[in-house]
Amino acid sequence: MDKYSLFNLFNHARNYHENWQRAWRNPTPKKVYDVVIVGGGAHGLATAYYLAKVHGITNVAVVEKGYLGGGNTARNTTIIRSNYLWDEAAQLYEFALKLWEDMSQDLNFNVMFSQRGVLNLGHSLQDMRDIERRVNANRLNGIDGEVLQTNEIQDLVPLLNCSPDARYPVLGASWQPRGGTARHDAVAWGYARAADAMGVDLLQQTEVTGIRRSNGEVVGVETNNGFIGARKVACVTAGNSGVMAAMVGLRLPIESRPLQALVSEPLKPCLDTVVMSNAVHGYISQSDKGDLVVGAGVDAYNGYGQRGSFNVIEHTVQAICELFPAFSRVRMNRQWGGIVDTCPDACPIVSKTSVKGLYFNCGWGTGGFKSTPGSGYVFAHTVANDNPHPMAAPFNIDRFSSGALIDEHGAAGVAH
Amino acid sequence: MLQIHCPYCNETREEEEFTYGGEAHITRPLDPESLSDAEWGDYLFFRKNPRGLHHEMWNHAAGCRKYFNVTRNTVSYEILESYPMGAKPSVTAETGDKN
Ligand SMILES: Cc1cc2nc3c(=O)[nH]c(=O)nc-3n(C[C@H](O)[C@H](O)[C@H](O)COP(=O)(O)OP(=O)(O)OC[C@H]3O[C@@H](n4cnc5c(N)ncnc54)[C@H](O)[C@@H]3O)c2cc1C
Ligand SMILES: [Zn+2]
């Protein structure tokens, strides 16, 4: 792999940058792989990377029906934080946040991880009680967090309407300084390039249409480019996971729904942190390009249409204008939707299944971008050892019969 | 924005008047005590979540406040029929999307 470094930048400058190696190969599929990962989003690519790097399993293919990172990875608003309430979730998201902190070095790819801090606003006394509780729980779990007063918030975010006569006055907030944002495409590309360099085959424009079994055990996948043999099949297909499960006659506790976002025209720097509000339901940050990135709510009903309801966008824009009156004149450039895999307890499923050799990593719903490295790490372990990673064990699909749900609706209250 | 027909009001109204009730035709087990944990979990949480025709419940929250069923395509979002609770759908994945 051509290393990205100052030295190489200089070296290639002498040839007018015409001879850079392609970031990854475009291989012809092998007959059989040790592991076929279905879904070339950031989670699937991270799984491939850690399978190769940590477990030495390199006879791996990532099969993607479109292009790498073109699903929810490319559609998300890139908020990263780890301030989840319950121990199981806090541990997993904090593990991921630590991996984010070294990711650019580890992958030799600048993922533009920016720890600009994340604010979750409280607008009522009950919001504030919940915030205090969550921050206390976070600190007990070694996660950075503070409860800020209104004047401290105003200092951090001068454009935020903190006046007491606002329709939903800002009474306080939780503040996680180590949270922030990253460049979504770069995360997918960085993992793809690093996995490819270790021998992982990235097969794009290849849609899995069936999962072949023999004696109840997985033997491969049917695709639009023919059959590909596999000793293990790992599905990381976000909103399409229900369709994948149906291929082997399983159902999942998941419903697929559109989640929307929109971005404005580029502006001069005016917002240098991430602001989220559960109560009025909006979240906003400014990208390095200068556009305001606004996330909306999830649609009320199931859908695979990759577009969302207009009233949801309208509601979000109202909330943003209420919080930031100065943004009411900003022109929005683009709007889109992604299909998120929502789970009843707002927590993911990282699990073996009743079919031998078949694994699922899904249910990240509205908030899985932040967990990308952690998700890939624990899922790779689960697939390699046919046994859940200790951090993934609580996220087993069995919890929907045992009743040991991990209710993160508070921490994940606003889709993000 | 969906335009949903309420079979009780006999009116087609905008989606904002309604709330979603999830997958239709899930019958509550008659004797919950006799179910295994897996069967009870399956009833509570596991869903078909199809890509295509879906039978789902809607509540006319800003109207008659009654629940009814809708058959909708989850990809095109086309609504094929509305029918009252207790009735059976006339369009199913087996009979096919009539259009
Ligand atoms: C609008 C929006 C905003 C969001 N904001 C945030 C945020 O701020 N912070 C946060 O943490 N999370 C956020 N999320 C959630 C986050 O995007 C997802 O949880 C995360 O990206 C999931 O990654 P993934 O790799 O599992 O899924 P994806 O990136 O969707 O990858 C799944 C891939 O599987 C492929 N696939 C599906 N079926 C098949 C098949 N049969 N054969 C081959 N390939 C298949 C798809 O083409 C797709 O590329 C947001 C989501 C949306 C939609
Ligand atoms: Zn009605």
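Residues numbered from 1 in each chain as written. Chains lettered and ligands numbered in written order. Predicted model: local features only at pLDDT ≥ 70, side-chain atom pairs only at ≥ 80, totals over all residues. Heavy atoms only, no water.

### Structural notes on the overall build of chain A
Helix and strand counts for chain A come out as 11 helices and 18 strands. Taking 22 Å as the expected radius of gyration for a compact globule of 416 residues, we find that chain A reaches 21 Å, a close match to that expectation. A buried classification covers 58% of the 416 residues belonging to chain A. Seen as two clouds, the 36 positive and the 38 negative side-chain charges of chain A have centres 6 Å apart. (Helix = DSSP H or I, 4+ residues; strand = E, 2+ residues; numbered from the N terminus. Rg over C-alpha atoms; globule rule 2.2 N^0.38 Å. Buried < 20%, exposed > 50% of the residue type's maximum accessible area, 1.4 Å probe, protein only. Lys, Arg positive; Asp, Glu negative; His and termini not counted. Charge placed at Lys NZ, Arg CZ, Asp CG, Glu CD.)

### Focus: the overall build of chain B
Scanning chain B for helices and strands turns up one helix and six strands. Walking chain B from its N terminus toward its C terminus, one meets helices and strands in the order β-β-β-α-β-β-β. In terms of overall dimensions, chain B has a C-alpha envelope of 40 × 30 × 20 Å along the principal axes. Accessible surface for chain B amounts to roughly 5700 Å². Of this, 49% is attributable to carbon and sulfur atoms. Taking the average place of the 10 positive charges on the side chains of chain B and the average place of its 16 negative ones, the gap between the two points comes to 3 Å. (Areas by Shrake-Rupley, 256 points an atom, 1.4 Å probe, with all protein chains shown as cover.)

### Side note on the environment of A:K232
All names here are of chain A. The residue K232 is located in strand 11 (residues 226-235) in this model. Taking C-alpha positions, K232 is 6.0 Å from L358, a pair spaced 126 residues apart along the chain. Not counting residues within four places of it along the chain, the set of residues in contact with K232 comprises D34, V35, V36, G357, Y359, V383, A384 and D386. A distance of 2.7 Å separates a polar atom in the side chain of K232 from the backbone oxygen of V383. There is a polar contact of 3.4 Å between the side chain of K232 and the backbone oxygen of A384. (Contact = heavy atoms within 4.5 Å. Polar contact = N/O pair within 3.5 Å; in protein donor to acceptor, adjacent residues only side chain to side chain.)

### Things to note about the confidence of the model for chain B
Chain-level pLDDT for chain B is 94 on average; 96% of the residues reach the 70-or-more range. Taken together, the chains of this predicted complex give a pTM of 0.97 and an interface ipTM of 0.94. (pLDDT = per-residue confidence, 0-100.)

### A few points about the interface of chain A and chain B
At the interface, 27 residues of chain A touch 23 residues of chain B. At the boundary of chain A with chain B, total buried surface from both sides reaches about 2200 Å², with 52% on carbon and sulfur atoms. Three residues, A:R251, A:Y301 and A:Y304, lead the burial of chain A against chain B; their summed loss comes to 33% of the area buried on that side. Here A:R251 and B:D42 are joined by a salt bridge, their closest N and O atoms 2.6 Å apart. (Buried area = accessible area lost by both parts, 1.4 Å probe. Salt bridge = Lys/Arg side-chain N within 4 Å of Asp/Glu carboxyl O.)

### Here we look at unusual backbone geometry
If you check the backbone angles, A:D386 has positive phi at about 50 degrees while not being a glycine. The phi dihedral of B:R65 is positive, around 65 degrees, even though this residue is not glycine.

### Examining the coordination of the zinc ion (ligand 2)
B:C6 (SG), B:C9 (SG), B:H60 (ND1) and B:C64 (SG) make up the full set of protein donors to the zinc ion (ligand 2), lying at 2.0 to 2.4 Å. Considering all four donor atoms around the zinc ion (ligand 2), the spread of angles at the metal, 105 to 121 degrees, places the coordination shape in the tetrahedral class. (Donors = N, O, S within 2.8 Å, 3.2 Å for Na, K, Ca; no water. Tetrahedral: all angles 85-135°; square planar, octahedral: opposite > 155°, others 65-115°.)

### Regarding the packing of helix 2 (residues 42-55) of chain A against helix 10 (residues 372-385) of chain A
Residue and element names in this part refer to chain A. Viewed as axis vectors pointing N to C, helix 2 and helix 10 meet at an angle of 55 degrees, and their least axial separation amounts to 7 Å. When the axis of helix 2 is compared with that of helix 10, the two are oblique. Relative to helix 10, helix 2 is oriented so that their crossing is right-handed. Residues A42, H43, A46, T47, Y50, L51, V54 and H55 of helix 2 lie in contact with helix 10, whose contacting residues are T372, P373, S375, G376, Y377, F379, A380, H381, A384 and N385. Residues that form the contact of helix 2 with helix 10 fall into these classes: 10 nonpolar, eight polar and no charged. (Axes fitted to C-alpha atoms, helices over the stretch in contact; angles between N-to-C directions. Parallel < 35°, antiparallel > 145°, perpendicular 65-115°, else oblique. Left-handed = near helix turned anticlockwise from the far one by under 90°. Nonpolar A, V, L, I, M, F, W, Y, C, P; charged D, E, K, R; others polar.)

### Some points on helix 9 (residues 310-323) of chain A
In a regular helix each residue adds 1.5 Å, so 14 residues correspond to 20 Å; helix 9 of chain A covers 20 Å between its end C-alpha atoms and thus fits that length. Elements that come into contact with the buried residues of helix 9 of chain A comprise strand 4 (118-122), strand 12 (255-266), strand 13 (274-277), strand 14 (282-286), strand 15 (291-298) and strand 16 (332-342) of chain A. (Expected span 1.5 Å × (residues − 1).)

### Side note on helix 5 (residues 125-140) of chain A
All names here are of chain A. Its 16 residues give helix 5 an end-to-end C-alpha distance of 23 Å, which sits within 8% of 22 Å, the value for a rise of 1.5 Å per residue. Buried residues of helix 5: D127, M128, I131, R134, V135, A137 and N138, and no others. Taken together, the buried residues of helix 5 touch strand 4, strand 5 (146-149) and strand 6 (172-176). At the C-terminal side of helix 5, G142 shows a positive phi close to 75 degrees.

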